[in-house]
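Observations on chain architecture
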Amino acid sequence: RKEVEQDPGPFNVPEGATVAFNCTYSNSASQSFFWYRQDCRKEPKLLMSVYSSGNEDGRFTAQLNRASQYISLLIRDSKLSDSATYLCVADGSARQLTFGSGTQLTVLP
Amino acid sequence: DVKVTQSSRYLVKRTGEKVFLECVQDMDHENMFWYRQDPGLGLRLIYFSYDVKMKEKGDIPEGYSVSREKKERFSLILESASTNQTSMYLCASGGSVAYNEQFFGPGTRLTVL
């Protein structure tokens, strides 16, 4: 079983739509969680850190459910520029991070 | 802004060659990491370092070694490149104890012929 699991998609949504991604993690000792965004042939870039009760940054909302060990990312009012792969990340032993394989999003005009 | 730079964006080498990939960060981060990323396999940790001259094996260290002589620089070495080491190599650094996010360099796409 993968330590961090995501639905690979692809998710194809129209501009303006709301889209949600879920991710589960297996290490109950994980304390820090993140969402990264990766454009095609580029490096992953930190999108959001996920705090204990969730947090919001503009159109993006991240939620953490420790009891069920899942993390979610909600994108409202999708833009064409949101098209990318979204990586769910949980910390593991020491200061290592474990990355999910990513969920591909395409926002269509 | 954190800046992580890698020595090459694209590299083509021949089987058996020794390959050096260099990574430099400018934020005085203690922690540095080397990953490779392959389609369908995601990001896999090769080696990491928490301090100068310190290194730890990640999930897939075979065929690789690393060097960290200065805090800002972390090098990945392929002693004898093989075709199965063709991949995107990503360096990352991070330093916070409270929030251990990592920041990535632009990556080196290595092709071994």
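In case you missed it, the structure is sitting above this.
A brief look at the structure comes next. (Residues numbered from 1 in each chain as written. Chains lettered and ligands numbered in written order. Predicted model: local features only at pLDDT ≥ 70, side-chain atom pairs only at ≥ 80, totals over all residues. Heavy atoms only, no water.)

Focus: the overall build of chain B
Counting its secondary structure elements, chain B contains zero helices and 11 strands. Listing every helix and strand of chain B by position from the N terminus yields β-β-β-β-β-β-β-β-β-β-β. Its C-alpha atoms give chain B principal-axis dimensions of about 40 × 30 × 25 Å. When burial is assessed residue by residue, chain B has 50% of its 113 residues classed as buried. Of the contacts made within chain B by residues no fewer than 6 positions apart, 56% connect residues no fewer than 24 positions apart. Surface exposure of chain B reaches about 5,500 Å², of which carbon and sulfur atoms provide 50%. Of the charged side chains in chain B, 15 are positive and 15 negative, and the gap between their average positions amounts to 7 Å. (Helix = DSSP H or I, 4+ residues; strand = E, 2+ residues; numbered from the N terminus. Buried < 20%, exposed > 50% of the residue type's maximum accessible area, 1.4 Å probe, protein only. Contact = heavy atoms within 4.5 Å. Areas by Shrake-Rupley, 256 points an atom, 1.4 Å probe, with all protein chains shown as cover. Lys, Arg positive; Asp, Glu negative; His and termini not counted. Charge placed at Lys NZ, Arg CZ, Asp CG, Glu CD.)

Let's talk about the pairing of strand β9 (residues 84-91) of chain A
Residue and element names in this part refer to chain A. With seven of its eight residues buried, β9 lies for the most part within the structure. With six bridges connecting them, strand β4 (residues 33-38) and β9 associate as antiparallel partners. Paired with W35 across the two strands is C88, which belongs to β9. Both β9 and strand β11 (residues 103-108) contribute to a ladder of three bridges, which runs antiparallel. Paired with A84 across the strands is L105, a residue of β11. (Pairing = 2+ DSSP bridges.)

Overview of the environment of D26 of chain B
Residue and element names in this part refer to chain B. Within the secondary structure, D26 is located in the loop between β3 (19-25) and β4 (31-38). Assessed through its relative accessible area of 48%, D26 is described here as partly exposed. With 21 residues separating them along the chain, D26 and T5 place their C-alpha atoms 8.8 Å apart. Polar contacts involving the side chain of D26 include one to the main-chain amide nitrogen of K3, which spans 3.0 Å. (Polar contact = N/O pair within 3.5 Å; in protein donor to acceptor, adjacent residues only side chain to side chain.)

Details of the sheet that holds strand β8 (residues 73-78) of chain B
Residue and element names in this part refer to chain B. Reading across from one edge, β1-β3-β8-β7 is the order of the four strands in this open sheet, with antiparallel pairing throughout. Of all strands in the sheet, those with a lone pairing partner are β1 (4-6) and β7 (64-70), marking the two edges. Between one strand axis and the next, the sheet turns through 20° on average, direction left out of account. Relative to β8, β7 is paired through five bridges, and the arrangement is antiparallel. Among the inter-strand pairings, V66 is bridged to a residue of β8, identified as L76. (Axes fitted to C-alpha atoms, helices over the stretch in contact; angles between N-to-C directions.)

Everything listed here is a matter of coordinates, which is why it stays silent on function.
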